[in-house]
Amino acid sequence: SKVRIYTLAKDLGVENARMLEILDGLGVSYKSVSSTIEEDTVELIKQILAEEQAEGTSAEATAEPTVQAPAEQATPEQPAAAPVPQAKAAPVTDAQGDGGTSEVPHRAPVVTIMGHVDHGKTSLLDYIRKTKVAAKEAGGITQHVGAFEAKTSKGKIVFIDTPGHEAFTTIRARGANVADIAIIVIAADDSLMPQTREAIAHAQAAKVPMIVAINKVDLPQADPERVKTDLTQLNLVPEEYGGDLVVVPVSARTGEGVEDLLEYISLTAELEDLRADPRAAFGGVVIEGKVDKQAGVLATVMVQEGTLHVGDFLVVGENYGKIKAMTDSAGARIKEAGPSTPVQILGFSEVPSSGEKVQSAKNEHAAREVVAGRVDTRRDAENARVQRRLTLEEMMGPLGSVRTVNLILRADTQGSVEAIQGILARKESDDVKINVMLAGIGAPTEGDVLLASTAEATILCFSVTPSGGVKKVADSKGVDIKSFRIIYELIDEVDRLIKGNVEPVF
Ligand code: GDP
């Protein structure tokens, strides 16, 4: 029978991270530590661990932050016993690491809520904010800064306060990742809807673990079982049905199930083993920026690594600023902020865009130099933008490897969507995998374009056409949207994509 990765890790007394490392080594694919693995694999892992333990001195084992690592030269009784690891453990990097990654403290999870319109994303966020953010901190005012910190019995959870996958994807499209966990809200009286599928596709593309919250279970017409069955059709199998997917019934109206949801978030976070070093160099991402009539430019930044202090110099894109003042998400003035803390910063001269990465600089001079460097790099890139021809290898991927063609499919009816998907499935071969990231009814959206741009996917439309606005975004992102009215032409295009000989468009 199958075993969940974290269960096995616990049973065998090894860290989740180590378990994943072994699986990587074996070439076994998994989605997260809550994925299940086959019995054969379990046996292999046990063997590997047993061998490691028996040898104890293998080079492999010394690379690990096992109990042996801290032995160092300091302990006199050890050297003779373990001459090999001594030599291997000598480098300074190892000595510094001394407990490896386990020295880096845990950080709170950052959660995003996505789902179909009217399924209750905003209501759920409101309920959590109302019940889990201490009122006295907020000073009676609930201001929207793009994120908030909920205090739960299991610790802090940070919620991104802009529901929907647009915010999520905008941030991802700029190369940043903010969310650790995605909550997919599905109304129990409505089940899976187009934007539910989109939200799932976005979370999957970002490889962010998902938790499904079946909302509105207070309604008499609520049918959570139907939601679960519908999810199975997307290959998302709820735990009760033997799968990996955590599904929690909730009501944003009555609050039923919300505690459970928070608990599952904490559990998932624990399994993900989220860590960040507050002593590392600062790194963060802009959640949102705005101009306040009184205060001026305000930017909410998520601290991802290191610690921010009032007075620090920050660089965002081609701008820099000095932190004049900082408030936490509840509006309280703070002097410093560590990992997984959303902070509102006063001190930028330009409004930064969400998703932009933020760095710190030692002083104003250093900040200016970073900015000047970026301006130069951009100019060089602009000058070099004479279309370079791709080599065959760049187009096809390394020889002998399996190539994946990422597609987003949009069609006029569910019937066409299914028909096209059926044909696409038959086009797969040992060398080429066709990954339909999202298949939906209706014209492609801006969200589709952002998803396509992060995944290098092509958008294929059948009997639907993108709006001018969407086309413009696609052009600016270099995303191909191809529209067809005749199914054979669409198939021909897929064949071209499979062969990799995409005709250059001039
Ligand atoms: P969003 O578009 O996903 O952000 O959805 P909203 O939070 O705006 O909710 C849409 C509608 O559903 C509103 O009228 C809410 O009052 C209602 N609603 C949200 N959650 C629940 C719930 O748990 N139970 C019931 N009965 N109604 C809900």
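Residues numbered from 1 in each chain as written. Predicted model: local features only at pLDDT ≥ 70, side-chain atom pairs only at ≥ 80, totals over all residues. Heavy atoms only, no water.

Observations regarding the side chain of Glu288
Here comes step 1: Inspection of the secondary structure assignment puts Glu288 in strand β9 (residues 283-292).
Here comes step 2: Despite being buried, Glu288 has no salt bridge partner; Lys290 is the closest side chain of opposite charge, sitting 4.7 Å away. (Helix = DSSP H or I, 4+ residues; strand = E, 2+ residues; numbered from the N terminus. Buried < 20%, exposed > 50% of the residue type's maximum accessible area, 1.4 Å probe, protein only. Lys, Arg positive; Asp, Glu negative; His and termini not counted. Salt bridge = Lys/Arg side-chain N within 4 Å of Asp/Glu carboxyl O.)

Section: the site of the ligand
Here comes step 1: Taken together, 15 residues are adjacent to the ligand, and Asp118, Thr122, Ser123, Asp218 and Ala252 come closest.
Here comes step 2: Measuring from an oxygen atom of the ligand, one finds a side-chain N or O atom of Ser251 at 3.3 Å.
Here comes step 3: Here Arg253 contributes a side-chain N or O atom positioned 3.0 Å from an oxygen atom of the ligand.
Here comes step 4: In the complex, 76% of the free accessible area of the ligand, which totals 570 Å², lies under the protein chains. (Near = heavy atom within 4 Å. Polar contact = N/O pair within 3.5 Å; in protein donor to acceptor, adjacent residues only side chain to side chain. Areas by Shrake-Rupley, 256 points an atom, 1.4 Å probe, with all protein chains shown as cover.)

Section: the pattern of salt bridges
Here comes step 1: Inspection of every chain in the model, using the stated rule, returns 22 salt bridges.
Here comes step 2: The salt bridge involving Asp180 is made with Arg107; its shortest N-O contact spans 2.9 Å. Remark: Arg107 occurs in the loop between α6 (92-97) and β3 (110-115) and Asp180 occurs in the loop between α9 (165-173) and β6 (181-187); sequence separation between them is 73 residues.
Here comes step 3: Here Asp180 falls in the buried class, since its relative accessible area comes to 11%.
Here comes step 4: The exposure class assigned to Arg107 is partly exposed, which follows from its relative accessible area of 21%.
Here comes step 5: Across the pair Asp126 and Arg129 runs a salt bridge, and its minimum N-O distance is 2.9 Å. Of this pair, Asp126 and Arg129 both sit in helix α7 (residues 121-132), separated by 3 residues, roughly a single helical turn.
Here comes step 6: By relative accessible area, which is 18% here, Arg129 ends up buried.
Here comes step 7: Connected through salt bridges with shared partners, the residues Asp480, Lys482, Glu493 and Arg496 form a single ionic network.

Focus on helix α1 (residues 5-12)
Here comes step 1: Taken residue by residue, α1 has Ile5, Leu8 and Ala9 as its buried positions. Down the axis, α1 shows its buried residues gathered within 100° of arc, on one side only. Opposite the buried face of α1, at more than 90 degrees from it, the exposed residues are Lys10 and Asp11.
Here comes step 2: Contacts made by the buried residues of α1 are with β1 (3-4), α2 (16-26), β2 (36-37) and α3 (39-55).
Here comes step 3: In the stretch just after α1, Gly13 is the one whose phi turns positive, near 70°. (Arc of directions from axis to C-beta. Contact = heavy atoms within 4.5 Å.)

Focus: the packing of aromatic side chains
Here comes step 1: The tally for this structure, following the rule as stated, stands at 1 aromatic pair.
Here comes step 2: Where Phe148 meets Phe159, the ring centres are 5.5 Å apart and the plane angle is 25°; that geometry is what we call stacked. Of this pair, Phe148 sits in strand β4 (residues 147-152) while Phe159 sits in strand β5 (residues 155-160), placing them 11 residues apart in sequence. For the pair Phe148 and Phe159, one class covers both residues: buried. (Phe/Tyr/Trp six-rings, centres within 6.5 Å; stacked < 30°, edge-to-face > 60°.)

A word on the environment of Gly164
Here comes step 1: Residue position: Gly164 is located in the loop between β5 and α9.
Here comes step 2: The spacing of Gly164 and Gly115 is 49 residues in sequence and 6.3 Å in space, taken between C-alpha atoms.
Here comes step 3: Leaving out residues up to four positions away in the same chain, Gly164 has contacts with Ile113, Met114 and Lys121.

Description of the confidence of the model for the protein chain
Here comes step 1: This prediction gives the protein chain a mean pLDDT of 83; 84% of its residues lie at or above 70.
Here comes step 2: Mean pLDDT across the elements of the protein chain bottoms out in helix α5 (residues 83-89) (37) and peaks in strand β7 (residues 210-215) (98).
Here comes step 3: Contacts for the low-pLDDT stretch residues 57-100, under 50 throughout, to residues beyond four places or in other chains number 28 contacts.
Here comes step 4: This stretch, residues 501-506, has a pLDDT under 50; its non-local contacts, to residues over four places away or in other chains, come to 5 contacts.
Here comes step 5: Overall fold confidence (pTM) sits at 0.68, and the ipTM for the predicted complex is 0.99. (pLDDT = per-residue confidence, 0-100.)

A short note on the pairing of strand β13 (residues 319-322)
Here comes step 1: In terms of strand pairing, strand β12 (residues 313-316) meets β13 through 4 bridges, oriented antiparallel. In the strand pairing of β13, Leu314 is matched with Gly321. (Pairing = 2+ DSSP bridges.)

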